[in-house]
Amino acid sequence: MTDTRRAPQPSGQAQRLRPFAAIPGRWVAEHARALREDTCTAKCQPVLVYERTRWGWLAWTTPGDGSRPDLPHQIAVLTPTATTAQRLALHWLTRRPARRIGLIPGIPGSLRLTAVAIALLSLVAGLFAIAHGTPIGVALPAMALAPLLAEHLPARWDVRAREHVRTVEGAAACRYVQRLAAVHTCLIQAAAGSDRYELRRSAEIGRQLLWDAADVLHTRDAPWASCELIARERLMLQLAHQAAQSLRQAPV
């Protein structure tokens, strides 16, 4: 089986994506906010900082010393044919973790803070409605339904939003997609500063390659798909090389 380490490596700034490289100071602020809002114990999931991009997002861990991680914990790629609503789903999926509160001390189980708040609001609204003539048979079901929806609908929306996103986790898979995304970012930057069709087309093809690679890694391990992954990376690097040549040959 072909070794994935023989895949061609991007050069220069395209070797890897670093956290918020295009926005100096953003990592410091996001890192501090994530640690400030983290109330989990050691058994919780890693505290993540999400960096949204045009094509998806990168989820970075937050080292205690404030340093920038070299490898994302998770990378997600949005389908190239995404609608506006599906692009907005990126903001929903990368929202801050919901705060939860325990129901009874010593007993497992908790509710979203928003669900508790809506329960209180629905109680006040329901009592007000009953006092003004609304039948109890109508008010009570509405009072009970509102917090239930607030608790369970977000999970349903998560599932729907993820139908158009391919997430990649694991060191080997994330390292590969990180390289591919770095080259694709260079293609996007080249196309953004030019009105030439070949540059825009290279960025479009690169976008499809990134999605295809994430789709492969979403369902299979990197070693089992090494040949396919190497072929996509070679093509992405070829696109980057052609884009660089095109920019050098462009009239001044």
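Notes on the structure follow. (Residues numbered from 1 in each chain as written. Predicted model: local features only at pLDDT ≥ 70, side-chain atom pairs only at ≥ 80, totals over all residues. Heavy atoms only, no water.)

Describing the side chain of His-31
Along the chain, the position of His-31 falls in helix α1 (residues 26-37). A residue is classified by how much of its surface remains accessible, and His-31, at 8% relative accessible area, is buried. Engagement of the side chain of His-31 in a polar contact is seen with the backbone oxygen of Pro-63, the distance being 2.6 Å. If we skip the residues at most four places from it in the chain, His-31 touches Val-49, Thr-62, Pro-63 and Gly-66. (Helix = DSSP H or I, 4+ residues; strand = E, 2+ residues; numbered from the N terminus. Buried < 20%, exposed > 50% of the residue type's maximum accessible area, 1.4 Å probe, protein only. Polar contact = N/O pair within 3.5 Å; in protein donor to acceptor, adjacent residues only side chain to side chain. Contact = heavy atoms within 4.5 Å.)

Quick look at the packing of aromatic side chains
Going through the model one piece at a time under the given rule, you end up with 2 aromatic pairs. Measuring from ring centre to ring centre gives 6.1 Å for Tyr-50 and Trp-57, while their planes differ by 80°; the resulting arrangement is edge-to-face. For Trp-57, a relative accessible area of 1% translates into the label buried. Here Trp-92 and Trp-157 contribute two aromatic rings whose centre-to-centre distance is 5.4 Å and whose plane-to-plane angle is 70°, an arrangement assigned as edge-to-face. With a gap of 65 residues between them, Trp-92 in helix α2 (residues 84-93) and Trp-157 in helix α4 (residues 136-161) connect regions that are remote in the sequence. (Phe/Tyr/Trp six-rings, centres within 6.5 Å; stacked < 30°, edge-to-face > 60°.)

Here's the deal with the sheet that holds strand β6 (residues 165-169)
Two pairing modes exist for strands in a sheet, parallel and antiparallel, and in both the strands are linked by backbone hydrogen bonds. One open sheet accounts for 4 strands, arranged β1-β2-β3-β6; its pairing is antiparallel. Every interior strand has two partners, whereas the edge strands, β1 (48-52) and β6, have only one. Across the sheet, the axes of successive neighbouring strands diverge by a mean angle of 20°, strand direction being ignored. In this sheet, β6 lies alongside strand β3 (residues 74-78) in antiparallel orientation, the contact comprising 5 bridges. Its bridge partner lying in β6, Leu-78 is registered against Val-165. (Pairing = 2+ DSSP bridges. Axes fitted to C-alpha atoms, helices over the stretch in contact; angles between N-to-C directions.)

Comments concerning the nonpolar core
In this structure, Trp-55, Val-168, Tyr-176, Val-177, Leu-210 and Leu-217 are the most contacted members of the largest nonpolar core, which totals 36 residues. The element contributing the most residues to this core is helix α5 (residues 171-192), with 11 residues. Of all hydrophobic cores here, the second largest spans 10 residues; its members include Trp-57, Ala-59, Leu-90 and Ala-161. (Core = buried A, V, L, I, M, F, W, Y, C linked by side-chain atoms within 4.5 Å.)

Here's the deal with the side chain of Gln-178
Here Gln-178 shows up in helix α5. Residue Gln-178 is classed as buried on the basis of its relative accessible area of 4%. Excluding anything up to four places from it in sequence, Gln-178 contacts Arg-16, Leu-17, Trp-60, Asp-70, Leu-71, Pro-72 and Ile-75.

Focus: the environment of Cys-174
Residue position: Cys-174 is located in helix α5. Look at Cys-174 and you get buried, because its relative accessible area is 0%. Between the alpha carbons of Cys-174 and Ala-214 there is a distance of 9.4 Å; along the sequence they are 40 residues apart.

Looking at unusual backbone geometry
Phi angles above zero are rare outside glycine, and Phe-20 is one such case at about 50°. Locating Phe-20 in the fold gives a position in the segment before α1.

Regarding the environment of Met-236
As for its placement among the helices and strands, Met-236 is situated in helix α7 (residues 226-249). In sequence terms Met-236 and Leu-180 are 56 residues apart; their C-alpha atoms lie 7.2 Å from each other. For Met-236, the contacting residues outside a window of four places in its chain are Leu-180, Val-183, His-184, Leu-187, Gly-206, Leu-209 and Leu-210.

Some remarks on α7
A rise of 1.5 Å per residue sets the reference length of α7, with its 24 residues, at 34 Å; its end C-alpha atoms lie 34 Å apart and thus fit the reference within 8%. By the burial criterion, the buried members of α7 are Ser-226, Leu-229, Ile-230, Arg-232, Glu-233, Met-236, Leu-237, Leu-239, Ala-243 and Ser-246. Where the residues of α7 are buried, they touch α5 and α6 (197-219). (Expected span 1.5 Å × (residues − 1).)

A short note on α6
If you check α6, its first and last C-alpha atoms are 34 Å apart, about what 23 residues at 1.5 Å a residue would give, namely 33 Å. Elements in contact with the buried residues of α6: β3, β6, α5 and α7.

Re the pattern of salt bridges
Applying the stated rule across the entire model yields 8 salt bridges. Here Glu-198 ties to Arg-196 by a salt bridge, and the two come within 2.6 Å at their closest N and O atoms. For Glu-204, the salt bridge identified is with Arg-201, shortest N-O distance 3.1 Å. On the criterion of helical spacing, the pair formed by Glu-204 and Arg-201 is a turn pair, its members being 3 residues apart in helix α6. For Glu-204, a relative accessible area of 46% puts it in the partly exposed group. Where salt bridges share partners, they join Arg-26, Glu-30 and Arg-33 into one cluster. (Salt bridge = Lys/Arg side-chain N within 4 Å of Asp/Glu carboxyl O.)

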